[in-house]
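Reading the structure
For reference, the chains in residue letters:
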Amino acid sequence: MPPVSMPLSEDARTIFSRLGYSISGDGSDFVAERKWRTVRVTALSDGEDLNGRRALADGGEPSDTYRFRCFVAPKSETGDVQNRLASVDPAYEWAVIGVGDDGEYDVHLPDAS
């Protein structure tokens, strides 16, 4: 039987919990905190219109509210998310986590070029 995949928001919560972060908030947007670091996490659903997502630009928050952002997307869409983030050049540091159907994930950071 094929593995049952969880919603990306649940995958994101599991990943950050296993990394030792405390989680607050509900839904596809939540905050993960550990020591001095606070990360706003946004889980992007499969096939979501990334160009129309204000979350990629500023998440509806002032740019100084969250210094670190993480976007969780299906592995097949991580390149699109990275390209969109690079094109809007947000005022925060960001990473993209690509989650596979098996729950395995990869972390992608912006190019240093």
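On a predicted model such as this, the values are computed, not experimentally measured, just so you know.

**Some details on helix 3 (residues 78-88)**
Of the residues making up helix 3, those classed as buried are Thr78, Val81, Gln82 and Leu85. For helix 3, the arc enclosing every buried residue in end-on projection is 100°, short of the 170-degree limit, so these residues lie on one face. Pointing more than 90 degrees away from the buried face of helix 3 are the exposed residues Asn83 and Ser87. The first or second residue beyond helix 3 is Asp89, which carries a positive phi of 45°.

**Observations concerning unusual backbone geometry**
Backbone geometry places Lys35, a non-glycine residue, at a positive phi of 50°. With respect to the helices, strands and loops of the structure, Lys35 is situated in the loop between strand 2 (29-34) and strand 3 (37-43). Residue Lys35 is classed as exposed on the basis of its relative accessible area, which comes to 77%.

**Some remarks on the pattern of salt bridges**
Tallied over the entire structure, the rule returns three salt bridges. Linking Glu93 and Arg67 is a salt bridge whose minimum nitrogen-to-oxygen distance equals 3.1 Å. Of this pair, Glu93 sits in strand 5 (residues 93-99) while Arg67 sits in the loop between helix 2 (54-57) and strand 4 (68-74), placing them 26 residues apart in sequence. Judged by relative accessible area, Arg67 falls into the exposed class, the value being 53%.

**Describing the nonpolar core**
Grouped together as the largest cluster of nonpolar side chains are 15 residues, with contacts concentrated most on Phe16, Val39, Val41, Cys70, Val72 and Ile97. The set of elements that each furnish at least two residues to this core consists of helix 1 (8-18), strand 2, strand 3, strand 4 and strand 5. Per element, the largest residue contribution to this core is four residues, and it comes from helix 1. For Val39, the contacting residues outside a window of four places in its chain are Phe16, Tyr21, Phe30, Val31, Ala32, Phe68, Arg69 and Cys70. Grouped together as the second largest cluster of nonpolar side chains are eight residues, Ala73, Leu85, Tyr92 and Val96 included.

Definitions and limits used
- Residues numbered from 1 in each chain as written.
- Predicted model: local features only at pLDDT ≥ 70, side-chain atom pairs only at ≥ 80, totals over all residues.
- Heavy atoms only, no water.
- Buried < 20%, exposed > 50% of the residue type's maximum accessible area, 1.4 Å probe, protein only.
- Helix = DSSP H or I, 4+ residues; strand = E, 2+ residues; numbered from the N terminus.
- Arc of directions from axis to C-beta.
- Salt bridge = Lys/Arg side-chain N within 4 Å of Asp/Glu carboxyl O.
- Core = buried A, V, L, I, M, F, W, Y, C linked by side-chain atoms within 4.5 Å.
- Contact = heavy atoms within 4.5 Å.

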